[in-house]
Amino acid sequence: MFALWQPRLGFALLLLLLLLAIGCVYEWAGERRDARLHPAPGRLISVGGHRLHLLCKGSTAPAVVIEQGAGELSKFWWPVQDEIAKFAQVCTYDRAGYGWSEQGRSGATIEDRTRELHTLLSKAGVQGPFIFVAHSYGGLIVRNYVREYPGQVAALVLVDTPSESSIFQSEVISFYAKVRVMNRVVGLVSRIGVLRLLSHWLPLDRFGIWLTKPAEYSALCDDLASLERVPASMRASTSAGSLGSLPVIIITHGQPF
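Residues numbered from 1 in each chain as written. Predicted model: local features only at pLDDT ≥ 70, side-chain atom pairs only at ≥ 80, totals over all residues. Heavy atoms only, no water.

## A short note on the overall build of the chain
And step 1. For the chain, the count of helices and strands is nine helices and seven strands.
And step 2. Counting contacts in the chain only where the partners sit at least 6 residues apart, residues at least 24 apart contribute 75% of the total.
And step 3. Split by element, the accessible area of the chain, about 14100 Å² in all, is 63% carbon and sulfur. (Helix = DSSP H or I, 4+ residues; strand = E, 2+ residues; numbered from the N terminus. Contact = heavy atoms within 4.5 Å. Areas by Shrake-Rupley, 256 points an atom, 1.4 Å probe, with all protein chains shown as cover.)

Okay, structure coming up:
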């Protein structure tokens, strides 16, 4: 009986491998087509080993720099950027792996992301001190920027940004670890073009799926994994320390997370 099933199993396996290969080629061709039809609107600037996409508008100082949350693209902030550009210089950028930015090395820490942002702004010639607008996970990056480059920050606007005392609780870290596993699975699906194919018929953003490229899911997972790379001393702390006389505005949502 088993001998009768062997040819069928072999055919099924061959068919599966063929479909996976077709899916990978479909995704590869789709990404090349996207790059051709939708070139980067800003500049690609090397930050050491890879390039990040930076888009600046307006000219009046001080410069406003927007730092998005985990799994977010800079284009989400473009409507806000256009309004700010009416009275100030304002820059959005994509962290490594997102949007038009190239993939960076895996295992980057929040400190690594901070230094990449500093290098990006310096090489682009964007003059500080900066007003940072940071959403969610991005707030951890800009608060670390204040600690590492205090003289280059004029003010902070924190949009739904968690405090260190809340996000590093064991149950929160455990939750994001599960989210990371789920997104790794979705990332694998995206590698064979499934999300790209579904996007032709379904409004995936309504289901909370706005990333389509495998590199973006890798970047999202690395963002979440960076929370576990924060030193234990900071995670155990109930306070992130004083920001001194730095002007800070906090905007929060009215509904529970």
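## Quick look at helix 3 (residues 110–124)
And step 1. For helix 3, with 15 residues, the first-to-last C-alpha span of 21 Å sits near the 21 Å given by 1.5 Å per residue.
And step 2. Counting buried positions over the 15 residues of helix 3 gives 11, a clear majority of the element.
And step 3. Within helix 3 the residues assigned to the buried category are Ile-110, Glu-111, Asp-112, Arg-113, Thr-114, Glu-116, Leu-117, His-118, Leu-120, Leu-121 and Ala-124.
And step 4. Looking one or two residues past helix 3, Gly-125 carries a phi angle of roughly 75°, positive in sign. (Expected span 1.5 Å × (residues − 1). Buried < 20%, exposed > 50% of the residue type's maximum accessible area, 1.4 Å probe, protein only.)

## Concerning the state of the cysteines
Between two cysteines, a covalent bond joining their sulfur atoms is known as a disulfide.
And step 1. Considering all chains together, one arrives at one disulfide under this definition.
And step 2. Linked covalently through their sulfurs, Cys-56 and Cys-91 form a disulfide whose S-S length is 2.1 Å. Residues Cys-56 and Cys-91 are joined through a disulfide that is right-handed, its torsion about the S-S bond being 110°. A residue pair is termed long-range when its members are at least 10 positions apart, and Cys-56 in strand 2 (residues 51–57) and Cys-91 in strand 4 (residues 90–94) qualify at 35 residues.
And step 3. Cys-56 sits in the partly exposed class, given a relative accessible area of 27%. (Disulfide = S-S within 2.5 Å.)

## Describing a nonpolar patch on the surface
And step 1. Residues Tyr-26, Val-194, Leu-197, Leu-198, Trp-201 and Leu-202 make up a contiguous nonpolar surface patch of roughly 540 Å² in combined accessible area.
And step 2. Within the secondary structure, Leu-197 is located in helix 7 (residues 194–198). (Patch = residues over 30% accessible without salt bridge, like charges linked within 9 Å, V, L, I, M, F, W, Y side chains within 5 Å. Salt bridge = Lys/Arg side-chain N within 4 Å of Asp/Glu carboxyl O.)

## Focus: the nonpolar core
And step 1. Within the largest apolar cluster, 24 residues are counted, with the highest numbers of intra-cluster contacts made by Leu-54, Leu-121, Val-126, Phe-130, Phe-132, Tyr-145 and Leu-156.
And step 2. Elements represented by at least two residues in this core include exactly strand 2, strand 4, helix 3, strand 5 (130–135), helix 4 (138–148) and strand 6 (153–159).
And step 3. By residue number, the principal contributor to this core is helix 3, which donates four residues.
And step 4. The contact partners of Leu-121, leaving out residues within four places of it in the chain, are Val-65, Val-126, Phe-130, Phe-132 and Tyr-145. (Core = buried A, V, L, I, M, F, W, Y, C linked by side-chain atoms within 4.5 Å.)

## As for the packing of helix 3 against helix 4
The description of two packed helices rests on the angle between their axes and on the distance between the axes.
And step 1. With their axes 9 Å apart at the nearest point, helix 3 and helix 4 run at an angle of 70° to one another. Classified by the angle between their axes, helix 3 and helix 4 sit roughly perpendicular to one another. Contact residues: helix 3 offers Ile-110, Glu-111, Arg-113, Thr-114, Arg-115, Leu-117, His-118 and Leu-121, while helix 4 offers Leu-140, Ile-141, Asn-144, Tyr-145 and Glu-148. (Axes fitted to C-alpha atoms, helices over the stretch in contact; angles between N-to-C directions. Parallel < 35°, antiparallel > 145°, perpendicular 65-115°, else oblique.)

## Observations regarding the sheet that holds strand 5
And step 1. As summarised here, the arrangement of the seven strands in space is 1-2-4-3-5-6-7, forming an open sheet in which the pairing is mixed. Of all the strands in the sheet, just strand 1 (43–46) and strand 7 (248–251) have a single pairing partner and so form its edges. When the angles between neighbouring strand axes are averaged without regard to direction, this sheet yields 25°.
And step 2. As paired strands, strand 1 and strand 2 are joined by four bridges and run antiparallel to one another. The partner of Arg-43 across the bridge, within strand 2, is Leu-54.
And step 3. Sheet strands touched by helix 3: strand 1, strand 2, strand 3 (64–67), strand 4 and strand 5. Its angle to strand 1, the strand with the most contacts, is close to 115°. (Pairing = 2+ DSSP bridges.)

## Some thoughts on the pairing of strand 5
And step 1. For strand 5, the tally of buried residues reaches five of six residues, placing the bulk of the element in the interior.
And step 2. As defined by bridge partners, strand 3 adjoins strand 5 across four bridges and the pair is classed as parallel. Following the sheet pairing, Ile-66 is matched in strand 5 by Val-133.
And step 3. Assessed by its sense of winding, the connection that carries the chain from strand 5 through helix 4 to strand 6 is right-handed. (Right-handed = clockwise from strand over helix to strand, strands pointing away.)

## Observations concerning the side chain of Glu-72
And step 1. With respect to the helices and strands, Glu-72 occurs in the loop between strand 3 and helix 2 (78–84).
And step 2. Within the buried core, Glu-72 has no salt-bridge partner, and the shortest N-O distance to an opposite charge, that of Arg-95, equals 7.2 Å.
And step 3. At 2.7 Å, the side chain of Glu-72 forms a polar contact with the side chain of His-135.
And step 4. If sequence neighbours within four positions are ignored, Glu-72 has contacts with Trp-77, Tyr-98, His-135 and Trp-210. (Lys, Arg positive; Asp, Glu negative; His and termini not counted. Polar contact = N/O pair within 3.5 Å; in protein donor to acceptor, adjacent residues only side chain to side chain.)

## Observations concerning the side chain of Arg-143
And step 1. Along the chain, Arg-143 falls in helix 4.
And step 2. Its relative accessible area of 9% is what places Arg-143 among the buried residues.

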